[in-house]
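Geometric and topological summary
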Amino acid sequence: MIIVHHLNNSRSQRILWMLEEIGVEYEVKHYQRDKETQLAPKELFEVHRLGKSPVISDGDITVAESGAIIEYLAQIYGKDLLPRKGSKAFREYIYWLHFSEGSLMPQLLLKLIFDKIKTAPMPFFIKPIAKGIANKVLNGYVLPNVKNNMDFVEKHLSENTWFAGDKMTGSDIQMSFPLEASMARAKMDDYPYTKAFVEKIHARDAYKKALEIGGPYDYA
Ligand SMILES: N[C@@H](CCC(=O)N[C@@H](CS)C(=O)NCC(=O)O)C(=O)O
């Protein structure tokens, strides 16, 4: 039996969604973030050395890292979410599966961190210096990169219904989290195709069922 080690309000939500799409039986073990630090509880370190979520156990197999979990689940249980090996769709599937956590998420995380620096409590005489440095990094590096990545995604979605090929795959599930996070923090008026993509996945029955199972999630 698959066990999903699910941290509330996290990337782990997309694993529940995938399992609902596949229709395979699974159990959820819930973990709660520390209310102050937002970090995962120490019990998660007993499941995997990094103490992050998602992690799944399948018998004596443990798989961490959402892209690796999606790949594992697609290969073993959900071949419908996996394009044919060697096809163009398969190459696209691999690309977007990695792009999500490898390119887009680091930029979004940098933006979150530098935005937080600007509003963090600190002595009044440090504040203008910290704000100046944060704005320099944001304007000189982070924001142009976020825009470049998001423009790229928008163009792809303006020409394609799904990220890889003509039907939904694991890469759509993997891309959902950074796109939902972006949508929750900005109006996304400049990204109508990306917005429509997120609305389309939110309307799926499997997505809605996963939300009921996972509990409150800020990005839906
Ligand atoms: N790249 C990893 C990221 C895992 C990750 O950072 N998960 C967050 C939840 S969204 C987490 O566990 N945060 C709690 C913590 O850092 O203590 C993946 O996609 O699985």
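These numbers were taken from a predicted model, which means no experiment stands behind them.

Observations concerning the domain arrangement of the chain
- The assigned domain composition of the chain is domain 1 (2–82 + 209–214) and domain 2 (88–204).
- The partner domain 2 presents 18 residues to the 15 residues of domain 1 that form the contact.
- Carbon and sulfur atoms make up 58% of the area that domain 1 and domain 2 hide from each other, which totals about 1400 Å².
- Of all residues in domain 1, the largest losses of buried area upon contact with domain 2 belong to Arg11, Arg14 and Trp17, amounting jointly to 41% of the total for that side.
- There are 3 salt bridges connecting domain 1 and domain 2.
- A salt bridge links Arg14 to Glu101; its shortest N-O distance comes to 2.6 Å.
- One can count 7 residue pairs in polar contact (both at pLDDT 80 or more) joining domain 1 with domain 2.

Observations concerning the packing of helix α3 (residues 66–76) against helix α6 (residues 170–185)
- It is the contact of α3 with α6, at a shortest axis distance of 10 Å, that shows an interaxial angle of 155°. Classed by the angle they form, the pair α3 and α6 counts as roughly antiparallel. In this structure, α3 meets α6 at a crossing whose hand is right-handed. Residue-level inspection shows Ser66, Gly67 and Ile70 of α3 in contact with α6, the latter providing Gly170, Ile173 and Gln174.
- Of the residues in the contact of α3 with α6, the class split is 2 nonpolar, 4 polar and no charged.

Describing unusual backbone geometry
- Across the junction of Ser53 and Pro54, the peptide omega takes the value 10°, indicating a cis bond.
- Relative to the helices and strands, Pro54 is located in the loop between α2 (43–47) and β3 (55–58).
- The residue Asn9 is not glycine, and still its phi comes out positive at about 50°.
- Of note, Asn9 is situated in the loop between β1 (2–7) and α1 (13–22).
- Its identity as a non-glycine residue notwithstanding, Met188 has a phi of 65°, on the positive side.
- Residue position: Met188 is located in the loop between α6 and α7 (192–202).
- Its relative accessible area of 7% is what places Met188 among the buried residues.

Structural notes on the pairing of strand β2 (residues 26–31)
- In the sheet, β1 pairs with β2 via 6 bridges, with the strands oriented parallel. Counterpart to Val4 in the pairing with β2 is Val28.
- With α1 bridging β1 and the parallel β2, this β-α-β connection has right-handed handedness.

So, the nonpolar core
- Of all hydrophobic cores here, the largest spans 53 residues; its most connected members are Ile56, Leu73 and Leu179.
- Put simply, the parts of the chain that give this core at least two residues each are β1, α1, α3, α4 (88–119), α5 (127–159), α6, α7 and α8 (205–214).
- Per-element accounting of this core gives the leading share, 9 residues, to α4.
- Summarising the domain contributions, this core has at least three residues from each of domain 1 (2–82 + 209–214) and domain 2 (88–204).

Here we look at the packing of aromatic side chains
- With the rule as written, the count across this model stands at 14 aromatic pairs.
- With 4.9 Å between their ring centres and 55° between their planes, Trp96 and Phe163 make a pair best called tilted. Taken together, the residues span a long stretch of sequence, with Trp96 in helix α4 and Phe163 in the loop between α5 and α6 at a distance of 67 residues. Per residue, the accessibility class of Trp96 equals that of Phe163, and both read buried.
- Geometrically, the ring pair formed by Tyr217 and Tyr219 is edge-to-face, given 5.7 Å between the ring centres and 75° between the ring planes.
- Residue Tyr219 is classed as buried on the basis of its relative accessible area, which comes to 18%.
- Among the aromatic side chains, those forming a connected cluster through ring pairs are Tyr95, Trp96, Phe99, Phe152, Trp162, Phe163 and Phe197.
- One residue, Lys200, lies across the ring of Trp162, its end atom 3.9 Å from the ring centre.

Cut-offs and rules
- Residues numbered from 1 in each chain as written.
- Predicted model: local features only at pLDDT ≥ 70, side-chain atom pairs only at ≥ 80, totals over all residues.
- Heavy atoms only, no water.
- Domains from an automatic or database assignment.
- Contact = heavy atoms within 4.5 Å.
- Buried area = accessible area lost by both parts, 1.4 Å probe.
- Salt bridge = Lys/Arg side-chain N within 4 Å of Asp/Glu carboxyl O.
- Polar contact = N/O pair within 3.5 Å; in protein donor to acceptor, adjacent residues only side chain to side chain.
- Axes fitted to C-alpha atoms, helices over the stretch in contact; angles between N-to-C directions.
- Helix = DSSP H or I, 4+ residues; strand = E, 2+ residues; numbered from the N terminus.
- Parallel < 35°, antiparallel > 145°, perpendicular 65-115°, else oblique.
- Left-handed = near helix turned anticlockwise from the far one by under 90°.
- Nonpolar A, V, L, I, M, F, W, Y, C, P; charged D, E, K, R; others polar.
- Buried < 20%, exposed > 50% of the residue type's maximum accessible area, 1.4 Å probe, protein only.
- Pairing = 2+ DSSP bridges.
- Right-handed = clockwise from strand over helix to strand, strands pointing away.
- Core = buried A, V, L, I, M, F, W, Y, C linked by side-chain atoms within 4.5 Å.
- Phe/Tyr/Trp six-rings, centres within 6.5 Å; stacked < 30°, edge-to-face > 60°.
- Lys NZ or Arg CZ within 6 Å of the ring centre and 35° of its normal.

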